[in-house]
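Here is what each chain is made of, one letter per residue.
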Amino acid sequence: MKYIAFILFTVMTNAAAQLMLKHGMMTLGPISFAGVNPVIKLLQVVFSPWVFLGLSTFVISMASHLYVLSKVELSFAYPFLSLAYVAVAVFAYFVFREDLNAWRIAGIGFICVGTVLIAQSGRGHDELAAAPSTPLQTSELAQ
């Protein structure tokens, strides 16, 4: 449980990156490759300020996630990334006025419940390594 802060940092930087990318793409407007070199257009998109900031934030998020993966089980850490959807949905509702209907709210509830259940069950690599292991007795091997 001591790595939850790093996991949540990963989640929030992932969600922040999504919001920055959305803002950047809204600023750029609809993309069309008609009559332009696709490589030039792609570079224009990537190096627009908000898109570049979003991509950079993704790099920070991924670095944090790699650190987390070095400390805890993947089956424990990965489901927490679903909380990024929760954060994105809530912030997109307030920032971009996107729809947050009853079905989405119910889904968010299920995601949160599932994440809490997973959080209660997990242990990190350090905790697994430190857990005392009891040697098998000869009588147990025969069974």
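Everything quoted here is computed from the prediction, not taken from an experiment. (Residues numbered from 1 in each chain as written. Predicted model: local features only at pLDDT ≥ 70, side-chain atom pairs only at ≥ 80, totals over all residues. Heavy atoms only, no water.)

1. A few points about the confidence of the model for the chain
(1) Moving on: Predicted confidence across the chain gives a mean pLDDT of 88, with 85% of residues reaching 70 or more.
(2) Moving on: Averaged pLDDT values over the elements of the chain bottom out at 53 in helix 8 (residues 138-142) and peak at 97 in helix 3 (residues 49-69). (pLDDT = per-residue confidence, 0-100. Helix = DSSP H or I, 4+ residues; strand = E, 2+ residues; numbered from the N terminus.)

2. Section: the packing of helix 5 (residues 83-95) against helix 6 (residues 102-121)
(1) Moving on: Look at helix 5 against helix 6: their axes get within 9 Å of each other, and the N-to-C directions meet at 145°. The two elements helix 5 and helix 6 cross, and the hand of that crossing is left-handed. Listed contacts from helix 6 to Leu83, Tyr85, Val86 and Ala89 of helix 5 are Arg104, Ile108, Ile111, Cys112 and Thr115. (Axes fitted to C-alpha atoms, helices over the stretch in contact; angles between N-to-C directions. Left-handed = near helix turned anticlockwise from the far one by under 90°. Contact = heavy atoms within 4.5 Å.)

3. Some details on the UniProt feature "transmembrane region" (unreviewed entry) in the chain
(1) Moving on: The sites that carry the UniProt feature "transmembrane region" (unreviewed entry) are, in the present numbering, residues 47-69, 76-96 and 102-119.
(2) Moving on: Annotated as residues 76-96, this span is 71% helix and 0% strand, and its ends, taken at the C-alpha atoms, are 32 Å apart.
(3) Moving on: For residues 102-119, helix accounts for 100% and strand for 0%, while the C-alpha atoms at its two ends are 26 Å apart. (UniProt positions renumbered as here; feature names shortened; annotations may be inferred.)

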